[in-house]
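The primary structure of each chain is shown beneath.
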Amino acid sequence: MFWVLLLLSAWAVAGTACVRLCLAAVRAAAVDATAARDHSLTLYEAAFLSGGPARVAELTLVSMARQRRLLLAHTGWATVVDPRGHDEMERSVIGAIGPEGQSRIAPVRATAATADSVHRLADRLVAAGLAVPDGERGTIAGAVRQVQTAAAAVLVLGAVALLMPAQAPEARYEVPVAVWFSLPLILTLSCLAITRIEVHPYSRWASPAGQRLLGTLARHPDGTGDDRTYLTSVAVRGIRAIGEPDLRAAFTHRDRSVGRRG
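Undergrad: I keep staring at the overall build of the protein and nothing clicks. Help me out?
TA: Scanning the protein for helices and strands turns up 12 helices and 3 strands. Burial status across the protein gives 42% buried among its 262 residues. Counted over contacts in the protein with a minimum sequence separation of 6, partners at least 24 positions apart contribute 71%. In the form shown here, the protein has an accessible surface area of approximately 14,200 Å², with 60% of it arising from carbon and sulfur atoms.

Undergrad: Teacher, can you tell me more about the side chain of Thr60 here?
TA: Position of Thr60 among the secondary structure elements: in helix H3 (residues 43-66). If near-sequence neighbours (up to four positions away) are discounted, Thr60 is found in contact with Tyr44, Met89, Glu90 and Val93.

Undergrad: What am I meant to see in the sheet that holds strand S2 (residues 77-80) here?
TA: Strands belonging to one sheet form pairs held by backbone hydrogen bonds; the direction of such a pair is parallel or antiparallel. Taking strand neighbours across the sheet as the criterion, the 3 strands line up as S1-S2-S3 in an open arrangement whose pairing is antiparallel. At either end of the open sheet lies a strand with only one pairing partner, and these are strand S1 (70-72) and strand S3 (102-104). Averaged over all adjacent pairs, the angle separating strand axes in this sheet is 20°, with direction ignored. Across 3 bridges, S1 lies against S2 in antiparallel orientation. Bridged to Leu70 within S2 is Val80.

Undergrad: Teacher, can you tell me more about the environment of Leu61 here?
TA: Counting through the fold element by element, Leu61 comes out in helix H3. On the basis of relative accessibility, which here comes to 0%, the residue Leu61 falls in the buried class. Residues Leu61 and Met89, 28 residues apart in the sequence, show an inter-C-alpha distance of 9.5 Å. When near neighbours in sequence (up to four residues on either side) are disregarded, Leu61 contacts Leu70, Leu72, Val93, Ile105, Val108, Arg109 and Phe251.

Undergrad: Looking at this model, I keep getting lost on the nonpolar core. Mind explaining?
TA: Counting residues in hydrophobic clusters, the biggest one holds 48 residues, and the most contacted among them are Phe48, Leu49 and Leu72. Of the residues forming this core, the biggest block, 13 residues, is contributed by H3. Counting 12 residues, the second-largest nonpolar core is a separate cluster that includes Leu6, Ala10, Ala151 and Leu185.

Undergrad: How do you make sense of the packing of aromatic side chains when you look at a structure like this?
TA: Any pair of aromatic rings gets described here by the distance separating the centres and the angle formed by the planes. Tallying each qualifying case throughout the model produces 1 aromatic pair. Residues Phe48 and Trp205 carry aromatic rings whose centres are separated by 5.5 Å and whose planes lie at 65° to one another, so their mutual orientation is edge-to-face. Remark: Trp205 occurs in the loop between helix H8 (174-198) and helix H9 (208-215) and Phe48 occurs in helix H3; sequence separation between them is 157 residues. Residue class for Trp205 comes out buried when judged on its relative accessible area of 13%.

Undergrad: In this structure, what is going on with the pairing of S2? I would like to understand it.
TA: Consecutive residues of a regular strand have side chains that alternate between opposite faces of the sheet. By the alternation rule, side chains of S2 split into Ala78 and Val80, which are all buried, and Trp77 and Thr79, of which none is buried. The hairpin formed by S1 and S2 contains 4 residues between the paired strands, and Gly76 there has a positive phi angle of roughly 90°. In this structure, S2 lies alongside S3, joined through 3 bridges in antiparallel fashion. The residue of S3 that forms the bridge with Ala78 is Ser103.

Undergrad: It is not clear to me how the packing of helix H4 (residues 88-97) against helix H6 (residues 116-127) should be interpreted in this structure. Could you clarify?
TA: The geometry of a pair of packed helices is captured by two quantities: the angle between their axes and the separation between those axes. In the contact formed by H4 and H6, the axes pass within 9 Å of each other and the chain directions differ by 150°. Taken together, the axes of H4 and H6 lie roughly antiparallel to each other. Contacts between H4 and H6 involve Glu88, Met89 and Ser92 from the former and Ser117, Val118, Arg120, Leu121 and Arg124 from the latter. Grouping the constituent residues of the contact of H4 with H6 by class yields 3 nonpolar, 2 polar and 3 charged.

Undergrad: Is there a simple way to explain a nonpolar patch on the surface in this structure?
TA: There is a patch of nonpolar side chains on the surface, built from Trp11, Trp180, Leu183, Ile186 and Leu187 and spanning about 450 Å² of accessible area. Secondary-structure assignment places Leu183 in helix H8.

Undergrad: What is the right way to read the pattern of salt bridges from this model?
TA: Per the stated rule, a full pass over the model turns up 7 salt bridges. Of the charged contacts, one joins Arg66 and Glu244 as a salt bridge, the two residues approaching to 3.2 Å between their closest N and O atoms. With Arg66 in helix H3 and Glu244 in the loop between helix H10 (227-237) and helix H11 (245-252), the pair connects residues that are 178 residues apart, well separated along the chain. Overall, the relative accessible area of 29% leaves Glu244 in the partly exposed class. Across the pair Arg120 and Glu88 runs a salt bridge whose closest N-O atoms are separated by 2.8 Å. On the criterion of sequence distance, the pair formed by Arg120 in helix H6 and Glu88 in helix H4 is long-range, its members being 32 residues apart. Take Glu88: its relative accessible area is 25%, and that puts it in the partly exposed class.

Thresholds applied
- Residues numbered from 1 in each chain as written.
- Predicted model: local features only at pLDDT ≥ 70, side-chain atom pairs only at ≥ 80, totals over all residues.
- Heavy atoms only, no water.
- Helix = DSSP H or I, 4+ residues; strand = E, 2+ residues; numbered from the N terminus.
- Buried < 20%, exposed > 50% of the residue type's maximum accessible area, 1.4 Å probe, protein only.
- Contact = heavy atoms within 4.5 Å.
- Areas by Shrake-Rupley, 256 points an atom, 1.4 Å probe, with all protein chains shown as cover.
- Pairing = 2+ DSSP bridges.
- Axes fitted to C-alpha atoms, helices over the stretch in contact; angles between N-to-C directions.
- Core = buried A, V, L, I, M, F, W, Y, C linked by side-chain atoms within 4.5 Å.
- Phe/Tyr/Trp six-rings, centres within 6.5 Å; stacked < 30°, edge-to-face > 60°.
- Parallel < 35°, antiparallel > 145°, perpendicular 65-115°, else oblique.
- Nonpolar A, V, L, I, M, F, W, Y, C, P; charged D, E, K, R; others polar.
- Patch = residues over 30% accessible without salt bridge, like charges linked within 9 Å, V, L, I, M, F, W, Y side chains within 5 Å.
- Salt bridge = Lys/Arg side-chain N within 4 Å of Asp/Glu carboxyl O.

Structure representation (structure tokens):
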């Protein structure tokens, strides 16, 4: 009857993973959406909810480049034209470029993404119920991965139980063993299916209320149109929404000498 111990292990693994997933989904759904309903997202907020701190830095760089206050070369360099930032995000970018007024875009983006202004933006979104707190970021996605691992573990344990030699000549456990192990497998697969329908996509940054607000924003597929629409598209979709080839190349450029050293 050693297969019973394997079955109990399968139930323990499946049950623990499914409970964690259910609790994560309940916590995500418990966000107070009443205040969020009256919240009008700024471009910086939309960028954070869509792609986190790095997206905020990218949006700021693109916005300043559109206003000709920052030059972004296709070779991956940023040059300050107007050193006066219009808000704290722009001042963070200018500070990240440094006193010489010129720097590679990659380190500027990384430094600006960790600026205090971005942290304060994140805190405001969390307080409004639109962003996922730091301690819970990726919780649902992590719980989904745990359930997937549990499903695989149930299959492995079931296979081991089926391959075990019968403990008595007259014992024939193959059919009941398969049936018993199918129950925790059905539990895990059902949880994954329900989560896929109810919770997907599993956002790392936006709470369910934040995702609903993001869904109301206009998305322009080719990045053309008025400036607000263009920047909204960049905030939501990132640099892939940039229509100008040279500007997109500025963000995707890689230093060949760095590549050779790696």
